[in-house]
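Spelled out from the first residue to the last, the chains are:
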Amino acid sequence: MSENTIKTIKISRIINECKNVKTIIFHNSTELRPNPGQFVMVWVPGVDEIPMSISACDEVNDWAITVKNVGDCTQALHDLKINDLIGVRGPLGNSFDKPVNKNKNIFLIGGGIGMAPLRFLAYELNKSNQDFKIIQGAKVESDLLFMDELYEYDRRNSEFHFCTDDGNYGEKGVTTDIFQKLIKEYTLEQLKNTIVYSCGPEIMLFKLFQICVKHDIEFYASLERIMRCGCGICGLCALDPLGLLVCKDGPIFNSKQLEKIEDFGKFKRDFTGKKMSI
Ligand SMILES: Cc1cc2nc3c(=O)[nH]c(=O)nc-3n(C[C@H](O)[C@H](O)[C@H](O)COP(=O)(O)OP(=O)(O)OC[C@H]3O[C@@H](n4cnc5c(N)ncnc54)[C@H](O)[C@@H]3O)c2cc1C
Ligand code: FES
């Protein structure tokens, strides 16, 4: 069975993460296994087919997606119950390049629902005894995701930092403030040994990219664009001027690629393909 075949899947568990975010878990009985950063196209019959990052995959091939309710299809996903059926196509796209060297200083930086693919990455890094630092940002406390799980990593050898816009919980401010504070005293050698994996609002990703380029830090960002086919046919997710496709060449891009993508941080396309400001 190929990645592009739609499989009918029964929902086995649903977790209410916060007011407008739910995690939907299903068993995938194929031999396919995703890597952190990859996504699936999720089809709700009669509604739409939309991209969703894979937020978990465990040893028995139970996969999870974590869905923020923003429109028709995400609302339909939120309305589903255990044992309901959905169509799933994937895993699609590329994944976060895992560090070859175990001594790398790793940051996972996520904003809002951007924590979904980073949660899967944290799980895999922890499984291979790799320590990391997570920075999560959210508008308000109730939007923070996967808190128990992330605190658990903090209790072992990794670190967990978080911030909210209003400062009612965690630090007041944004993820880039915390990141800059943490690397402030780094030597040139430490900066060279650092890797940042990020996902979230593109404004945050662009700021992180600028900081990382300035300090010569290895950087990866997961980009979001509206998708139709999810597999390189329709061109809706193309990034100018190189025509890189978020669904096929991405969704993860490194700083060398991002430097050449003029759309990055500036433009995205609507459902008709017309460009608009981010
Ligand atoms: C690779 C990838 C991974 C994603 N992972 C997740 C995830 O893990 N969890 C999650 O909740 N969301 C994720 N998204 C975003 C998600 O696909 C959109 O929120 C969803 O398609 C909206 O569908 P809708 O029918 O509910 O909204 P619509 O009614 O179609 O639109 C509501 C709003 O969402 C915007 N929108 C629609 N499609 C997208 C899109 N593909 N990307 C960004 N904005 C969009 C519209 O412009 C509009 O402003 C991901 C997107 C991509 C490209
Ligand atoms: S979504 Fe169709 S080419 Fe990327």
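Scroll up to find the structure this text is about.
In what follows, the accompanying structure is described. (Residues numbered from 1 in each chain as written. Chains lettered and ligands numbered in written order. Predicted model: local features only at pLDDT ≥ 70, side-chain atom pairs only at ≥ 80, totals over all residues.)

Quick look at the environment of Phe264
Keep this limit in mind: Runs of H or I in DSSP of at least four residues are treated as helices and runs of E of at least two as strands, each being numbered from the N terminus. Contacts are defined on C-beta atoms placed from the backbone: any two residues whose C-beta positions lie within 7 Å are in contact.
Positionally, Phe264 belongs in the loop between α7 (255-260) and β16 (267-269). Sequence-wise, Phe264 and Tyr153 are 111 residues apart; in three dimensions their C-alpha atoms are separated by 32 Å. Non-local contacts of Phe264, meaning those with residues more than four positions away in its chain, are made with Phe206 and Leu258.

Overview of unusual backbone geometry
Residue Pro241 is reached from Asp240 by a cis peptide bond, and omega for that bond is 5 degrees. You can see Pro241 is positioned in the loop between β13 (238-239) and β14 (244-245). That bond from Gly250 to Pro251 is cis: its omega, 15 degrees, falls within 30 degrees of zero. Topologically, Pro251 is positioned in the loop between β14 and β15 (252-254). Positive phi values are uncommon outside glycine, yet Asn61 reaches one of about 65 degrees. Note on placement: Asn61 falls in the loop between β4 (48-57) and β5 (62-68). A positive phi is found at Asn129, a non-glycine position, where the angle reads about 55 degrees. Checked against the element boundaries, Asn129 lands in the loop between α2 (115-127) and β8 (133-138).

A word on the nonpolar core
Test applied: Put simply, a nonpolar core is buried Ala, Val, Leu, Ile, Met, Phe, Trp, Tyr and Cys residues tied into one set by C-beta atoms within 7 Å. Buried residues are those with 20 or more other C-beta atoms within 10 Å of their own C-beta, exposed residues have 12 or fewer, and partly exposed residues lie in between; C-beta atoms are placed from the backbone. Delimitation of the domains relies on an automatic or database domain assignment.
The biggest cluster of nonpolar side chains holds 75 residues, and the ones touching the most others in it are Val40, Val42, Leu108, Val196 and Leu208. The biggest single contributor to this core is α2, with 7 residues. Here this core spans two domains, and each of domain 1 (7-92) and domain 2 (105-222) adds at least three residues to it. Residues contacting Val196, with those up to four places away along its chain left out, are Phe107, Ile109, Leu208, Cys212, Ile217, Phe219 and Tyr220.

With respect to the site of ligand 1
Put simply, the rule reads: By definition, a residue lies near a molecule or strand provided its backbone-derived C-beta atom is within 6 Å of it. We call Asp, Glu, Lys and Arg charged. Ala, Val, Leu, Ile, Met, Phe, Trp, Tyr, Cys and Pro are nonpolar, and the rest, Gly among them, are polar.
As a structural note, the neighbourhood of ligand 1 is formed by 21 residues, with Ile50, Ser53, Gly71, Cys73 and Thr74 the closest of them. No other element matches β4, which puts 5 residues into the shell around ligand 1. The residue makeup of the shell around ligand 1, split by class, is 12 nonpolar, 4 polar and 5 charged.

Observations concerning the sheet that holds β4
Our working rule: Two strands qualify as a pair provided DSSP detects at least 2 bridges between them. Only C-alpha atoms enter the line fits that serve as axes; for helices the fit covers just the stretch in contact. Angles between N-to-C directions range over 0 to 180 degrees.
Pairing in this closed barrel of 6 strands is antiparallel, and the strands run β1-β2-β5-β4-β3-β6 around the ring. If you compare each strand with its neighbour and ignore which way they point, the axes differ by 45 degrees on average. Examined bridge by bridge, strand β3 (residues 39-44) and β4 share 6 bridges and lie antiparallel to one another. The residue of β4 that forms the bridge with Phe39 is Ser53. The strands touched by α2 are β4 and β5; relative to β4, the strand with the most contacts, the crossing angle is about 25 degrees.

Concerning α2
The α-helix advances 3.6 residues per turn, and as a result positions three or four apart in sequence lie on the same side. Here is the rule we go by: An expected span of 1.5 Å times one less than the residue number is assigned to each helix.
In this model, α2 (13 residues) spans 18 Å end to end at C-alpha, consistent with the 18 Å of a helix rising 1.5 Å per residue. Residues of α2 that are buried: Met115, Ala116, Pro117, Leu118, Arg119, Phe120, Leu121, Ala122 and Leu125. A positive phi of about 55 degrees marks Asn129, the residue just after α2.

In short, geometric facts, not functional conclusions.
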